[in-house]
Amino acid sequence: MIKDYHLILSSNSPRRKELLAGLDLDFDIHVINGINESYPENLPAMETAEYIAMEKAEAYKDELEDNNLVITADTVVVIGDKVLGKPKTHEEACKMLKTLSGHTHKVVTGVCLTSINKQKHFSVITEVTFKSLADEEINYYVDKYKPFDKAGAYGIQEWIGYIGVTSINGSYFNVMGLPVQRIYEELRSF
């Protein structure tokens, strides 16, 4: 159904690759290494993911050919007005999960669709609520699953999601890292 473009996913994430493949679309993966994923300190937390997705897209502008459409994305976890990115250490992962424990947070994925002539960007927000997690549950999860490549230090599709998530309001796939339903609709209208 989306035949006008050669789709390129800019992501090393196996989850994003799997999710986009679930749309039965042909695409290639191309990642430019070393893209700056920082953002201005005064940027509102809810705008961070979309800002980073647009920054990633900027790196591809000079490489695009006529029929290319590159998909860039970034996912962050927001609790209050604080952005939780990917933890760097075991201690940081445990601290993030303790922050999320017993609370509702927002998972925000910013997406940017870029062709040679056009660009469209948007964010999708999902609310996730965790039960109060015991320290031994947090330590077990971080020790076994090593969630250092995951925003907020967790993967909802992993053990911690099974035992800890009490409710979700919005797209489950967005929490995994790619709001595929919205991407499908945006690609169809692109």
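So, here's what we can say about the structure.

**Focus: the layout of surface pockets**
Here comes step 1: Volume-wise, the largest pocket comes out at about 960 Å³.
Here comes step 2: What lines the largest pocket is a set of 41 residues, and nearest its centre among them are Glu-37, Asp-74, Thr-75, Lys-86 and Asp-149.
Here comes step 3: Of all the secondary-structure elements, those providing two or more residues to the lining of the largest pocket are helix H1 (14-21), helix H2 (48-58), strand E3 (68-79), strand E4 (82-84), helix H3 (90-100) and helix H6 (172-176).
Here comes step 4: Of the residues contributing to the lining of the largest pocket, the split by class is 17 nonpolar, 12 polar and 12 charged.

**Here's the deal with the pairing of strand E5 (residues 104-114)**
Here is the key point about a regular strand: its side chains alternate between the two faces of the sheet.
Here comes step 1: By the criterion of burial, E5 is predominantly enclosed, with 9 of the 11 residues buried.
Here comes step 2: As paired strands, E3 and E5 are joined by 9 bridges and run antiparallel to one another. In the sheet register, Thr-75 faces E5, and the bridge partner there is Thr-109.
Here comes step 3: As paired strands, E5 and strand E6 (residues 119-130) are joined by 11 bridges and run antiparallel to one another. In the strand pairing of E6, Thr-109 is matched with Val-124.

What counts as what
Residues numbered from 1 in each chain as written. Predicted model: local features only at pLDDT ≥ 70, side-chain atom pairs only at ≥ 80, totals over all residues. Heavy atoms only, no water. 1 Å grid on protein atoms, 1.4 Å probe; cavity = no way out; pocket = protein on both sides within 12 Å on 5 of 7 lines; lining within 4 Å. Points joined across faces, edges and corners; volume = space filled by probe spheres on them. Helix = DSSP H or I, 4+ residues; strand = E, 2+ residues; numbered from the N terminus. Nonpolar A, V, L, I, M, F, W, Y, C, P; charged D, E, K, R; others polar. Buried < 20%, exposed > 50% of the residue type's maximum accessible area, 1.4 Å probe, protein only. Pairing = 2+ DSSP bridges.

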